[in-house]
Amino acid sequence: MSTAQLVVQHLPYLRRYARALTGSQMAGDAYVAATLETLVSEPETIGPSGNVKVELFQVFTRIWNSLSVNGRSEQIQRDLPAEVRLGQITPLPRQAFLLSCLEGFGEEEVGQILDVDTKTVRELVDEAGRELAADMATDILIIEDEPLIAMDLEALVEGLGHNVTGVARTRTEAVKLASTKQPGLILADIQLADGSSGLDAVNDLLKSFEVPVIFITAYPERFLTGERPEPAFLIAKPFQPANVSAVISQALFFQQSAKRREPRAATA
């Protein structure tokens, strides 16, 4: 398999990481596009004998941490959440946290991507975990038709300090549960028990209120193409507890950052 084919194989996961890092499909995909442009102009950056996935994420990180993104920094910066625009880049601990807990890179690989040693990687991940967990407990609605998976998710999110408002197996149940108590976050499977869609259920709910949504699917590649509106936060089945924890923390981080900006925006 050629280097180009290997890069294409890893693109869905780079998109997932970029979207989680920025909190936005548009901004995340813009950074991925900038990364691909760099690879076209600097093809020697990724070699056939190296770890293509690690090298791809290294190039992305270099682009992410740069002040000028291939002459298109202004366009990309406008797409980013305000707290990222102000800070220029997401703090290093959250990058390490997502690379490790969401993307499943080992400590040495994370170190290569971020250009730090493994001891620093451990410190960064620990720091991010403490930072992201602070003051983020919320009510979570789970939309999942497989009982065992629903039970695992319920135990997991409660172990993280959150409260589960209910578990819905269908689109209709989800709407009914949300009308009883509005959740602070939604975890939704995409294919539901009666053939209904978790995407449609979420769209119904978001007509009444706005909360972060994390989709769970056995086929993440189908929703990471960059060709249409797609989820910003996505967990693949079978999932690991660290994956769920990382994505929940990241989704709530962006929500709370937005809430902290609201009073300032109102007085502007």
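Rules used in this analysis
Residues numbered from 1 in each chain as written. Predicted model: local features only at pLDDT ≥ 70, side-chain atom pairs only at ≥ 80, totals over all residues. Heavy atoms only, no water. Core = buried A, V, L, I, M, F, W, Y, C linked by side-chain atoms within 4.5 Å. Buried < 20%, exposed > 50% of the residue type's maximum accessible area, 1.4 Å probe, protein only. Contact = heavy atoms within 4.5 Å. Helix = DSSP H or I, 4+ residues; strand = E, 2+ residues; numbered from the N terminus. Pairing = 2+ DSSP bridges. Right-handed = clockwise from strand over helix to strand, strands pointing away. Axes fitted to C-alpha atoms, helices over the stretch in contact; angles between N-to-C directions. Parallel < 35°, antiparallel > 145°, perpendicular 65-115°, else oblique. Left-handed = near helix turned anticlockwise from the far one by under 90°. Expected span 1.5 Å × (residues − 1). Polar contact = N/O pair within 3.5 Å; in protein donor to acceptor, adjacent residues only side chain to side chain. UniProt positions renumbered as here; feature names shortened; annotations may be inferred.

### Points about the nonpolar core
Part 1: Of all hydrophobic cores here, the largest spans 57 residues; its most connected members are Phe-60, Leu-187, Ile-214 and Ile-248.
Part 2: Aside from chain neighbours lying at most four places away, what touches Ile-248 is Ile-140, Val-157, Leu-160, His-162, Leu-185, Leu-187 and Ile-214.
Part 3: In this structure, Leu-141, Ala-174, Ala-178 and Val-211 belong to the second largest nonpolar core, which totals 19 residues.

### With respect to the pairing of strand β1 (residues 139-143)
Part 1: In terms of residue burial, β1 counts as a mostly covered element, since four of its five residues are buried.
Part 2: Relative to strand β2 (residues 163-168), β1 is paired through five bridges, and the arrangement is parallel. By the bridge assignment for β2, Ile-142 is matched with Val-167.
Part 3: The parallel pair β1 and β2 is bridged by helix α9 (residues 147-159), and the resulting crossover is right-handed.
Part 4: The pairing of β1 with strand β3 (residues 185-189) spans four bridges and is classified as parallel. Bridge pairing in β3 links Ile-142 to Leu-187.

### Some points on the sheet that holds β3
Part 1: Here we have five strands laid out as an open sheet, ordered β2-β1-β3-β4-β5, and parallel in their pairing. If you trace the sheet from one side to the other, it starts and ends with β2 and β5 (234-236), each paired once. Mean inter-strand twist for the sheet, computed between neighbouring axes without regard to direction, equals 20°.
Part 2: Along the sheet, α9 makes contact with β1, β2, β3 and β4 (213-217), crossing β2 at roughly 165°.
Part 3: Contacts between helix α10 (residues 171-180) and the sheet are confined to β1 and β2, with β2 contributing the most and set at about 150° to the helix.

### Here we look at the packing of α10 against helix α11 (residues 198-206)
Working note: a packed helix pair is described by the angle between its axes plus the distance between those axes.
Part 1: Where α10 meets α11, the axes come as close as 9 Å, and the angle between the chain directions of the two elements is 25°. As judged from the angle between their axes, α10 and α11 are roughly parallel. Of the two possible hands of crossing, α10 and α11 adopt the one that is right-handed. On α11, the residues touching Arg-171, Ala-174, Val-175 and Ala-178 of α10 are Asp-200, Ala-201, Asp-204 and Leu-205.

### Examining unusual backbone geometry
Part 1: The step from Lys-237 to Pro-238 runs through a cis peptide bond, and the omega angle for that step is -10°.
Part 2: Within the element layout of this structure, Pro-238 appears in the loop between β5 and α12 (241-267).
Part 3: Unusually for a residue other than glycine, Asp-115 sits at a positive phi of about 60°.
Part 4: Mapping Asp-115 onto the fold places it in the loop between α7 (107-114) and α8 (118-133).
Part 5: Using a relative accessible area of 70% as the deciding quantity, one classes Asp-115 as exposed.

### A closer look at helix α3 (residues 52-64)
Part 1: In this model, α3 (13 residues) spans 18 Å end to end at C-alpha, consistent with the 18 Å of a helix rising 1.5 Å per residue.
Part 2: The buried fraction of α3 amounts to 11 of the 13 residues, a majority that puts the element mostly inside the structure.
Part 3: Buried within α3 we find Val-52, Lys-53, Val-54, Glu-55, Leu-56, Phe-57, Val-59, Phe-60, Thr-61, Ile-63 and Trp-64.
Part 4: Looking at where α3 begins, the residue whose side-chain oxygen comes 3.2 Å from the main-chain nitrogen of Lys-53 is Asn-51.

### A word on the side chain of Thr-138
Part 1: Tracing the backbone shows Thr-138 in the loop between α8 and β1.
Part 2: By relative accessible area, Thr-138 is classed as buried at 18%.
Part 3: With sequence-adjacent residues up to four places away left out, Thr-138 is seen in contact with His-162, Asn-163, Gly-184, Leu-185 and Leu-252.

### With respect to the UniProt feature "modified residue: 4-aspartylphosphate" (unreviewed entry) in the protein chain
Part 1: With numbering matched to this structure, UniProt assigns "modified residue: 4-aspartylphosphate" (unreviewed entry) to Asp-189.
Part 2: Among the secondary structure elements, Asp-189 is positioned in strand β3.

### A short note on the environment of Pro-229
Part 1: Counting through the fold element by element, Pro-229 comes out in the loop between β4 and β5.
Part 2: Separated by 203 residues in sequence, Pro-229 and Met-26 place their C-alpha atoms 8.6 Å apart.

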